[in-house]
Amino acid sequence: MKASDVVFSTVGPGASARTPSTRTGLLASLAALLTRLPATPLAMGSTFIGAAAALAAPGFVDVAAESGLTDVFYCGRDDRKDYILETLGGGVALLDYDHDGFLDAFFVSGSTLEPLRPESRPSNHLYRNRRDGTFENVTEKAGLASDGWGQGACVGDIDNDGFEDLFVTFFGPNLLMRNDGSGSFADVTAPSGIAAGRRWSTGCAFLDFDRDGLLDLFVANYLVFDRDRVPVRGSAPSCRWKGQAVLCGPRGLPAETDELYRNLGDGRFEDVSRAAGVAAAGARYSLSVTTLDMDADGWTDIYVAVDSQASALFRNLGDGSFKEVGIASGAALDEHGRVQAGMGSAATDLDGDGHLDLVKTNFIQETSNFYLASGTASFDDRVHAMGGGVSSGYMGWGVAALDVDLDTWPDIVVANGHVYPEIESRLPNNPYRQRRLLYRNVEGRALEEVGVSGGPGLAAAHSSRGLAVGDYDNDGDVDVFVNNMNERPSLLRNDTEGAGGFLSVDLVGTKSNCSAIGARVTVRVGERHMVQEVRSGSSFMSSSDFRLHFGMGSHEHADSIEIDWPYASSRDVLTNVPTGKFIRIVEGAEFSLTRQRDAESRSTCDVSRHRTIGTP
């Protein structure tokens, strides 16, 4: 292939942000960029391009211990749970904080209700990827040690300086941590104006809801918890389950309202929850947050999985406000119209029709939801028709889409675990520790749960919560990070054999926010077109790799890659792109084939637009 065979074009003002334009223009010659990457960047690497097997056997191996992920993340007692605060566990966020081209991992820890010595207090942890398959704990060095009751985290470049920042939710004051680009983070919560009250925040997501090139912030809040006022175990109907006395909640406890903060561009955020219509949805037991453009109108919408109430879907009206349309859209209840205990959520195109569908995990004895989108901003729960009935035997939390076998169809992985460890001896069908679920997508027609055949990493039983996916070893397939209750985390390395080829797409915004959060990418190959969006947050209080990973089957080229940026009338198109590559695309400017996301390449972000957090 010659460099001139690859075409890059941009669509300027006047073209629809979601409609192909007839304008094309060759902006860059790409000679010398098509050098093939090393076949195995790490010892555990796999071949980049290979023929797609008809039934590639998934294989996940937990390599956390040998990789250096050995710290224990706490959340209350492990023999029984007396209070609902002890049940949610923590999330995990993936980011390349030091710009060496490899994913690092940030795990969030809860705490315990029993007093602990200062040196024994749990803390969140940041692990730096050493680029050899192992991780180094750099929490103290990076300034991220904290001993509060942590919950979740989301990632985004709040000041467009090219370095990814962190927002961490807590039972108690939340934290906004700015990446200063030198390997450390600074606490800028106070000058940012983000409320530091003692609320119970859970999921979060950065998004650019008003398309001004600045990342705004959505924060989900759960309930009002006061240990001295919560009823004791078994004292009310809401404190019993299957005849057993259990902790109380969430029913019977006051719910909370969610928050939306608009980025003012000078280091400060403004609470627009009321003005934008988010507060009008009322108090709910909100948990995970997943952003998506549900109607492909170019404006980011927000889905919130809600515990023991109808889930919420905030439709972006494009004028700075939202309308809650969860029940009206069909994405709030189960297929029979019943309320469920929503936990985690994810957005992906399950059936290959070009519309993003929603997946939600729920309490045990409730099935998950596979909400298939109709293309008219409405959804239909097809969980049983698609083969997801097995989920009723598990309590689901973190959930994400990934193409395990690289056959061009997104599969689904789910982390599970019960909330009542004390009842297992009396109700053996409700184990506290449960295996993970992996649904293999059968060409959009069905989702087959592969069971323990998915490898020892999936078969092992844990009480898991947060889950994030990303290619930590840069070998061309997607791996899974899981935060477990009161034990070390899991790192499920994807060793699937017989898989197809891939494309990994890394976007850099210039007019759009630097993280490109909200960008929609469509990859076309033959009759298949695959749609993904860059998002912060999602799963269960977690945040995955910003790079979009596409399985390419046996195809050696993508016919086209179309990028609709989260900025008015900004669109780029590449054609005839070789597979087996890590591709970085800069908005309106260029693309390159590379294995790294270094600081120099990220300097294309227009830093001059925005002052730094903390400056006057």
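Residues numbered from 1 in each chain as written. Predicted model: local features only at pLDDT ≥ 70, side-chain atom pairs only at ≥ 80, totals over all residues. Heavy atoms only, no water.

J.: What am I meant to see in the overall build of the chain here?
T.: Counting its secondary structure elements, the chain contains seven helices and 39 strands. A total of 616 residues make up the chain; the buried ones form 64% of that total. Long-range contacts, defined here as pairs at least 24 residues apart, represent 64% of the contacts in the chain between residues at least 6 apart. Accessible surface, the chain: about 20,400 Å² in total, of which carbon and sulfur atoms supply 49%. (Helix = DSSP H or I, 4+ residues; strand = E, 2+ residues; numbered from the N terminus. Buried < 20%, exposed > 50% of the residue type's maximum accessible area, 1.4 Å probe, protein only. Contact = heavy atoms within 4.5 Å. Areas by Shrake-Rupley, 256 points an atom, 1.4 Å probe, with all protein chains shown as cover.)

J.: What exactly am I supposed to notice about the sheet that holds strand β2 (residues 60-62) here?
T.: Each strand in a sheet pairs with its neighbour through backbone hydrogen bonds, running either in the same direction (parallel) or in the opposite one (antiparallel). If you walk across this open sheet you meet the four strands as β2-β31-β30-β29, and the pairing is antiparallel. The open sheet is flanked by β2 and β29 (464-470), the only strands paired with a single partner. With strand direction ignored, the average angle separating the axes of adjacent strands in the sheet is 25 degrees. (Pairing = 2+ DSSP bridges. Axes fitted to C-alpha atoms, helices over the stretch in contact; angles between N-to-C directions.)

J.: Before we go on, may I ask you to explain the state of the cysteines in this structure?
T.: Two cysteines form a disulfide when their sulfur atoms are joined by a covalent bond. By the definition in use, this model includes two disulfides. Here C154 connects covalently by a disulfide to C204, the sulfurs 2.4 Å from one another. On the sign convention where negative is left-handed, the bridge of C154 and C204, at about -125 degrees about the S-S bond, is left-handed. Here the residue C154 occupies a position in strand β7 (residues 149-156), and C204 occupies one in strand β11 (residues 201-207), the gap between them amounting to 50 residues. Each member of the pair, C154 together with C204, is buried. (Disulfide = S-S within 2.5 Å.)

J.: What is the right way to look at the packing of aromatic side chains in this model?
T.: We describe a pair of aromatic rings using the distance from one ring centre to the other and the angle between the two ring planes. Here the structure, examined in full by the defined rule, presents 20 aromatic pairs. Taken together, a centroid distance of 6.0 Å and an interplanar angle of 85 degrees make the contact between Y83 and F225 edge-to-face. With a gap of 142 residues between them, Y83 in the loop between α1 (64-67) and β3 (92-95) and F225 in the loop between β12 (216-221) and β13 (240-241) connect regions that are remote in the sequence. Overall, F225 belongs to the buried group, its relative accessible area being 11%. With a centroid separation of 6.2 Å and 70 degrees between ring planes, the pair formed by Y222 and Y285 is classed as edge-to-face. Linking Y222 in the loop between β12 and β13 with Y285 in the loop between β16 (269-271) and β17 (286-292), this pair joins segments that are 63 residues apart in sequence. (Phe/Tyr/Trp six-rings, centres within 6.5 Å; stacked < 30°, edge-to-face > 60°.)

J.: I'm lost on the pairing of strand β36 (residues 557-564) in this one. Help?
T.: Extensive coverage of β36 is indicated by the burial of six of its eight residues. For β36 and strand β37 (residues 571-578), the ladder comprises seven bridges, and the chain directions are antiparallel. If you follow A558 over to β37, its bridge partner there is V577. Linking β36 to β37, which pair antiparallel, is a turn of six residues; within it S569 sits at a positive phi near 55 degrees.

J.: Please explain the pattern of salt bridges as it appears in this structure.
T.: Between side chains of opposite charge, pairing is possible as soon as their charged atoms come close. Under the criterion given, the structure shown has 32 salt bridges. Here D405 and R440 are joined by a salt bridge, their closest N and O atoms 3.1 Å apart. In this pair, D405 sits in the loop between β25 (396-402) and β26 (411-416) while R440 sits in strand β27 (residues 437-442), placing the two residues 35 residues apart along the sequence. Note on R440: relative accessible area 13%, which makes it buried. Each member of the salt-bridge network shares a partner with another, and the members are R80, D82, R233 and E422. (Salt bridge = Lys/Arg side-chain N within 4 Å of Asp/Glu carboxyl O.)

J.: So what exactly am I meant to see when it comes to the nonpolar core here?
T.: Note on soluble globular proteins: their nonpolar side chains tend to be buried together. Ranked by size, the top nonpolar core spans 53 residues in total, and within it F106, L166, L507 and I561 carry the most contacts. Examining the composition of this core, we find that four residues originate from one element, strand β8 (residues 165-171), more than from any other. Setting aside residues no more than four positions away along its own chain, L166 makes contact with A93, L95, F106, L144, A153, C154, V155, L175, L176, M177 and F185. Formed by 49 residues, the second largest nonpolar core is a distinct cluster that contains Y285, V306, I423 and M485. (Core = buried A, V, L, I, M, F, W, Y, C linked by side-chain atoms within 4.5 Å.)

J.: Looking at this structure, I do not really get the environment of V155. What am I missing?
T.: Tracing the chain through its elements places V155 in strand β7. Along the backbone, V155 and D165 are ten residues apart, and their C-alpha atoms lie at a distance of 5.7 Å.

J.: Got a minute to help me understand the sheet that holds β17 in this structure?
T.: On the basis of which strands lie adjacent, the open sheet formed by four strands has the order β17-β18-β19-β20 and antiparallel pairing. The sheet is open, and its two borders are formed by β17 and β20 (322-324), each paired with just one other strand. Across the sheet, the axes of successive neighbouring strands diverge by a mean angle of 20 degrees, strand direction being ignored. Direction of pairing for β17 relative to strand β18 (residues 301-306): antiparallel, over a ladder of five bridges. Opposite V289, over in β18, you have V304 as the bridge partner.

J.: Can you walk me through unusual backbone geometry in this structure?
T.: A negative phi angle is the norm for most residues apart from glycine, just as the trans form is the norm for most peptide bonds. Between G249 and the following residue, P250, the backbone shows a cis peptide bond with an omega angle of 0 degrees. By secondary structure assignment, the location of P250 is in the loop between β14 (244-245) and β15 (259-263). A positive phi angle is found at A296, which is not glycine, with a value near 55 degrees. Locating A296 in the fold gives a position in the loop between β17 and β18.

J.: Hey, could you run me through the confidence of the model for the chain in this one?
T.: When pLDDT is low, close inspection of the predicted coordinates is not appropriate. In this model, the chain carries an average pLDDT of 88, and 86% of its residues clear a pLDDT of 70 or more. The low-confidence segment residues 595-603, where pLDDT is below 50, has 34 contacts with residues more than four positions distant or belonging to other chains. (pLDDT = per-residue confidence, 0-100.)

J.: Please explain the environment of S378 as it appears in this structure.
T.: Checked against the element boundaries, S378 lands in the loop between β23 (369-373) and β24 (379-381). Classification of S378 as partly exposed rests on a relative accessible area of 25%. Taking the C-alpha atoms as reference points, S378 and A331, separated by 47 residues in sequence, lie 7.7 Å from one another. Every residue in contact with S378, bar those within four places of it in the chain, is listed here: S329, L372 and A373. Within the structure, S378 has its side chain in polar contact with the side chain of S374 (distance 2.6 Å). (Polar contact = N/O pair within 3.5 Å; in protein donor to acceptor, adjacent residues only side chain to side chain.)

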